[in-house]
Amino acid sequence: MALKLFQRLPAVLQFGPSRLLVVCPACVCTSSGRCILTQGCRRLWRSARSLTTIAKEPSFVAGSSAGLRRDSVPRFCLTLLHGPAAEEERAFCQLLSSCSSSGKVLKLVRSAEMMSDSMAAAVLHRVADLEREAHALRDPSVLEDDVIRALCFQLERDSRRLSDSGLLAALLAGTRLFLDPMSTLMVRLVTESQERLNRGGMSVGQLCTLGQAVHAMKGPVGSVMLEEVMEHIRKQEPSKWSLAELVAVYGLLGGGVARNRCYQDLLNAMHAHAVKVASSMDKVAVSGVLGSLMALNQTKVTPLVIALCKQAVRHVPHFSDEELAAVLAALMHYGLSDRYFVEAVERRAPSLAFTAHPETVTKVMQFFGLRNILSPQVLDAVAESFVYRADAYSTDQVALQIVPFGKLGYLPPNAAELFRKVEAVLQTRSSQFQPHMLIRLLHSCILVERFPVNFVAKVFSEFFLQQLQEEGSGIDYNIRAQLTQLDMTVKLECLFHQGPRLGPKYRVKSYQVAGSTIETPVNVHLCNSVKIDLMSLLGGVSYFGSQVLTPYCYTLDVELKLDDEGYVLPASHKDVCKRIAVCIDGQSRFTNNTRQLLGKETIKQRHLRLLGYEVVQIPFYEFEHLHGTARVDYLHEKIFSNSYRLSW
């Protein structure tokens, strides 16, 4: 009806040398003459820079698909020529990014006087940011809103007149909103994108946007277009790309496009270029490239990862939660860290522990635990926040935040409150834990002398062990070793416990096997040096044993046997009064940044003492700086501190 009234107007459009006058049909459609557009239009809108068109309301089917309806009244105004000035667009996008809900986004759009196609696509992307959850929208009814429907209908009807960037951004937004690929809107956007791709001339960034969209759509059409997009990208020279284009291609390939595809030559060229420009990357670029390298499982990129790690140091205070988590995950994947990066994270830890997303806090703890970095600033802050935030954590997040305390052998100042909270979580949610994750949590507790006696009965039960076997990983050697050490701890340190024990078929005979995380193998070079000086001290190699497996699963670096008068017996002697376990502790048995033993080494020494051994520790930092007879004197003082040294 609005169109018919518009056609009846005798001389509405007046063309002059400097301006174009456009009548708003919405005003004509109302008896009062009042504009029904959100912002009004002053009946006759003069504009020298834009042609305003009117879109009718589209309609969406709630859920993962969308349809469009063309019988609604005009409600939205979108410019297709010479849109708002760049400053206006930037201001709008800043306001858009500050919206914390879809309702606020829609309110902002209703207040806009005019919008370009890029702004319209940005609105859809922001709604996707706020509503997208896994493979669906939290609130699909948001697609029924008049503003969203009007935006989509306008984009559908005028798809041929959209700019390249606006067209591709709108297509990508449609996939992020889970619109039906067969809906009229998506079909028209895809068709128009294919035509423009065939004509050529798209920038690398635009090709990446199109690639992400068609990859998300899947299906035969998407696969064919994706191959074409990648062929266009491969024809380009990465060394000539801008930084934004380089990051965009990394994002495209890391998003799944490069899996099972042969793009390694392209990636190698990109890596070489990225090393040169790493010092210019902003926080989004650093986190994006690191995340893509990890997703692509790229090897031989150590120089690039080191360069990105150095650049990340300056961005740590400004990383978003998601960006920081991506950086930490990549550094863990490549086994790298930087002292300055660690210090930057430590400075941010007090606020991060209380305000960051739980997954980011978990990644921080995983990073420090995996790298064996003992940081009281980080651990204390996380311990304090855990007491207040644990109820909102997933069971995996609970376990992964507590495990590093045990691994590093560290108890925070609020240890009593921390482990009371852990116990409370276990009491209310133990059935929600994955079996292997529950074992990791309980095992980490015993490393710092916190004994979960109320829960061992569950993990030793046949029902629980059967659940564990049915998990994807099953009961591997490490799990069995953790269960064995948990059982031994209950036996040695919880004498009052009368509950069930671990069945013999689940126990291991040795903690020190290839790939085991229960015992750290001895440093061979350090051990050989100690044994040479022990031979000088004792008079021969027959007076001590090395790599001795005890009946208690632990392996002794060096074992000495004494009679009832304190004399050293040959290693083969059976009648023994006293045994000395010499622990030759290399750097790998300590935290990387301090001289504190790891939790698994302290529990080993604690158990050996309870089993009747005298434990003598030979740390690398005391032994390695000595030379000649000073080493022999040192060993005598450490092992036989109450006797005189004999000369042989």
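The paragraphs below set out a description of the structure included in this document. On a predicted model such as this, the values are computed, not experimentally measured, just so you know. (Residues numbered from 1 in each chain as written. Predicted model: local features only at pLDDT ≥ 70, side-chain atom pairs only at ≥ 80, totals over all residues. Heavy atoms only, no water.)

Across its full length, the protein carries 28 helices and 11 strands. Across the protein, contacts joining residues at least 24 apart in sequence account for 70% of those joining residues at least 6 apart. Of the roughly 30500 Å² of accessible surface on the protein, 53% is carried by carbon and sulfur atoms. (Helix = DSSP H or I, 4+ residues; strand = E, 2+ residues; numbered from the N terminus. Contact = heavy atoms within 4.5 Å. Areas by Shrake-Rupley, 256 points an atom, 1.4 Å probe, with all protein chains shown as cover.)

Looking at the element boundaries, T591 is found in the loop between β10 (578-585) and α26 (599-610). Owing to a relative accessible area of 0%, T591 belongs among the buried residues under this scheme. Separated by 2.3 Å, the side chains of T591 and T594 make a polar contact. (Buried < 20%, exposed > 50% of the residue type's maximum accessible area, 1.4 Å probe, protein only. Polar contact = N/O pair within 3.5 Å; in protein donor to acceptor, adjacent residues only side chain to side chain.)

Direction of pairing for strand β7 (residues 545-549) relative to strand β8 (residues 555-562): antiparallel, over a ladder of four bridges. In the sheet register, V548 faces β8, and the bridge partner there is L556. Taking the residues between adjacent antiparallel strands as the criterion, β7 and β8 are bridged by five residues, where C553 takes a positive phi near 80°. (Pairing = 2+ DSSP bridges.)

Where helix α15 (residues 321-334) contacts helix α17 (residues 358-370), the two axes come as close as 9 Å, and the packing angle between them is 25°. With respect to α17, the element α15 is oriented roughly parallel. As α15 packs across α17, the resulting crossing turns out to be left-handed. Contacts between α15 and α17 involve D321, E322, L324, A325, L328, A329, L331 and M332 on the former and, on the latter, T360, K363, V364, Q366, F367 and L370. Across the contact of α15 with α17, the residue classes tally to nine nonpolar, two polar and three charged. (Axes fitted to C-alpha atoms, helices over the stretch in contact; angles between N-to-C directions. Parallel < 35°, antiparallel > 145°, perpendicular 65-115°, else oblique. Left-handed = near helix turned anticlockwise from the far one by under 90°. Nonpolar A, V, L, I, M, F, W, Y, C, P; charged D, E, K, R; others polar.)

With that settled, consider the pattern of salt bridges. Oppositely charged side chains may form a pair once their charged atoms are brought near each other. For the coordinates displayed, the defined rule picks out 30 salt bridges. In this structure, the salt-bridge partner of D146 is R149, at a minimum N-O distance of 3.3 Å. Of the two residues, D146 and R149 are both situated in helix α6 (residues 146-157); the distance of three residues between them amounts to about one turn of the helix. A salt bridge links E493 to R606; the nearest nitrogen and oxygen atoms lie 2.9 Å apart. Of this pair, E493 sits in helix α24 (residues 477-493) while R606 sits in helix α26, and the two are 113 residues apart along the sequence. Across this residue pair, the class does not change: E493 and R606 are buried. Here the salt bridges do not stand alone but share partners, grouping R160, D164, E192, E195 and R196 into one network. (Salt bridge = Lys/Arg side-chain N within 4 Å of Asp/Glu carboxyl O.)

With that out of the way, let us pick up the packing of aromatic side chains. Across all of its chains, the model carries eight aromatic pairs by this definition. When the ring of Y511 is compared with that of Y554, the centres are 4.9 Å apart and the planes differ by 65°; the resulting orientation is edge-to-face. Here Y511, found in the loop between α24 and α25 (524-538), pairs with Y554, found in the loop between β7 and β8; they are 43 residues apart in sequence, far enough to count as distant. This pair shows no difference in class: Y511 is buried, exactly as Y554 is. Ring centres of F623 and Y634 lie 6.2 Å apart, and the angle between their planes is 55°; on these two criteria the pair is classed as tilted. (Phe/Tyr/Trp six-rings, centres within 6.5 Å; stacked < 30°, edge-to-face > 60°.)

Moving on to the nonpolar core. In a soluble, globular protein the nonpolar side chains are often hidden away together inside. Within the largest apolar cluster, 155 residues are counted, with the highest numbers of intra-cluster contacts made by I233, L253 and F341. Not counting residues up to four positions away in its chain, the partners in contact with F341 are C309, A312, V313, V316, V327, L328, L331 and F367. Counting residues in each nonpolar core, the second largest holds 26 residues, with L538, L562, L635 and F640 among its members. (Core = buried A, V, L, I, M, F, W, Y, C linked by side-chain atoms within 4.5 Å.)

The next subject is α17. In a regular helix each residue adds 1.5 Å, so 13 residues correspond to 18 Å; α17 covers 18 Å between its end C-alpha atoms and thus fits that length. Among the 13 residues in α17, 10 count as buried, and that is most of the element. Residues of α17 that are buried: P358, T360, V361, T362, K363, V364, M365, F367, F368 and G369. Here the buried face of α17 lies against α15, α16 (339-355), α18 (376-389) and α19 (395-408). Count one or two residues on from α17 and you reach N372, which has phi positive near 55°. (Expected span 1.5 Å × (residues − 1).)

Time to look at the pairing of β8. A regular strand places its side chains so that they alternate between the two faces of the sheet. Of all eight residues in β8, eight are buried; the element is thus mostly enclosed. Direction of pairing for β8 relative to β10: antiparallel, over a ladder of five bridges. Paired with E559 across the strands is A581, a residue of β10. Where β8 and strand β9 (residues 568-569) come together, two bridges link them in antiparallel fashion. Counted as the bridge partner of L562 is V568 from β9. Following β8, the chain reverses through five residues before pairing antiparallel with β9; G566 in that reversal takes a positive phi of roughly 90°.

To continue, consider the environment of A630. Here A630 is to be found in helix α28 (residues 629-639). When the C-alpha atoms of A630 and D533 are compared, they prove to be 9.7 Å apart, with 97 residues separating the residues in sequence.

For the rest of this paragraph, the subject is the side chain of S287. Considering the arrangement of structural elements, one finds S287 in helix α13 (residues 283-295). Here S287 is in contact with F319, E323, A326 and V327, once residues within four sequence places are set aside.

Further remarks concern the packing of helix α5 (residues 117-131) against α6. Packing of α5 against α6 brings their axes to within 10 Å, and their N-to-C directions diverge by 135°. Judged on the interaxial angle alone, α6 and α5 are oblique. Crossing of α5 against α6: the hand is left-handed. Two secondary-structure elements touch here, α5 through A120, V123, L124 and V127 and α6 through I148, L151, C152 and L155. Class assignment of the residues belonging to the contact of α5 with α6 gives a composition of eight nonpolar, no polar and no charged.

Function-wise, these values are silent; they only describe arrangement.
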